Amino acid sequence: MRHGSIPGARGRVRPLTLLGNPVLHEPCKDVTDFGPELASFVEDLFATMYAARGVGLAANQVGDSRRVFVYDCPDDDEVRHVGHVVNPRLVEADGVMLRGPEGCLSLPGLEAGTERYDHAVVEGRPVTGEPVTVHGTGFFARCLQHETDHLEGTVYADRLTGWRRRRLARQGAPASWSR
């Protein structure tokens, strides 16, 4: 039985920011106001992520430059991780480097093999303001690195090189959002 409210149940779905919008390539700014407006914004992020059928969503993916992301993501053992981090910093990314399929709500319909570590640790705060540390392994570690990258102004396509980068560019060229 679930205790408490479902994340995003009180939020509103916001339009997604798509590749080509400069906000996706600008570092986000630290949050300083931990009031009710931030809690409402996190609800909106959850609602938007669920509506888009994603496993993570960063603030700049809805056009907001605050340093915050949400997630509802399984690890490789199918353990579900649900939460959010305000002012996250990736403090560890280690273990085995794996290339795996990666997609993004800001690059709809596209996917590419992207290298990520299989262990990650993010430190930050929830909307209530106290320190929090989030540990991730496997697919959840990939999610933590992906969302933290967003807040630094990096999309997964920026990490691709060679034929993978060229293939993704060709696949995205016909999309109306890529022009």
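Once a new chain begins, its residue numbering starts again from 1 and follows that chain's sequence as written. Local features in this predicted model are restricted to residues whose pLDDT is 70 or higher, and side-chain atom pairs enter the listing and the counts only when it is 80 or higher, whereas totals over whole chains, interfaces and linings include all residues. Note: side-chain values were computed over all heavy atoms of the structure, leaving out hydrogens and water.

Draft legend 1. Summary view of the overall build of the protein chain. The number of helices and strands found in the protein chain is three helices and five strands. Numbering of helices and strands runs from the N terminus, with a helix taken as a DSSP run of H or I at least four residues long and a strand as a DSSP run of E at least two residues long. Mapped in sequence order, the helices and strands of the protein chain form the string α-β-β-β-β-β-α-α. Each principal axis of the C-alpha atoms in the protein chain carries an extent, and together these give about 45 × 35 × 30 Å. Residue pairs at least 24 apart in sequence account for 64% of intrachain contacts in the protein chain once pairs closer than 6 positions are excluded. Accessibility throughout is a Shrake-Rupley quantity obtained with a 1.4 Å probe, and a residue counts as covered only by protein chains that appear here. In the structure as shown, the protein chain presents an accessible area of about 9,100 Å², 52% of it carried by carbon and sulfur atoms. By the counting scheme adopted, Arg and Lys are positive, Glu and Asp are negative, and His together with the chain ends is not counted. A charged residue contributes its charge at one atom only: NZ of Lys, CZ of Arg, CG of Asp or CD of Glu. Side chains of the protein chain carry 21 positive and 24 negative charges; the gap between the two charge centres is 8 Å. Throughout, a residue-residue contact means that at least one pair of heavy atoms, one from each residue, lies within 4.5 Å.

Draft legend 2. Focus on the UniProt feature "binding site: Fe cation" (unreviewed entry) in the protein chain. UniProt positions are given in the numbering used here, feature names are shortened, and annotations may be inferred rather than shown by experiment. Those places that UniProt annotates as "binding site: Fe cation" (unreviewed entry) correspond, in this numbering, to Cys104, His146 and His150. Over a stretch of 47 residues, the named residues converge on one spot in the fold, their C-alpha atoms separated by at most 10.1 Å. Of the annotated set named above, Cys104 and His146 line the largest pocket. By the secondary structure assignment, Cys104 is in the loop between strand E3 (80-103) and strand E4 (111-125). Inspection of the secondary structure assignment puts His146 in helix H2 (residues 138-152). What His146 contacts, discounting residues up to four positions off in sequence, is Glu102, Gly103, Cys104, Arg116 and Tyr156. Within this scheme a cavity is a closed region of a 1 Å grid, computed over the protein atoms alone, that accommodates a 1.4 Å probe without allowing it to escape, whereas a pocket is open but has protein on both sides within 12 Å along at least five of seven lines; lining residues each have an atom within 4 Å of a point.

Draft legend 3. Layout of the pattern of salt bridges. What counts as a salt bridge is simple: a side-chain nitrogen of Lys or Arg found within 4 Å of a carboxyl oxygen of Asp or Glu. Applying the stated criterion to the full structure yields 13 salt bridges. The residue Arg12 makes a salt bridge to Asp44 at a minimum N-O spacing of 3.8 Å. In this pair, Arg12 is assigned in the segment before helix H1 (36-51) and Asp44 in helix H1, connecting sequence segments 32 residues apart. Throughout this description, buried means an accessible area under 20% of the type-specific maximum (1.4 Å probe, protein chains only), exposed means over 50%, and partly exposed covers the range between. We classify Arg12 as partly exposed; its relative accessible area is 48%. Note on Asp44: relative accessible area 5%, which makes it buried. The salt bridge involving Asp72 is made with Arg80; its shortest N-O contact spans 2.5 Å. By relative accessible area, which is 10% here, Asp72 ends up buried.

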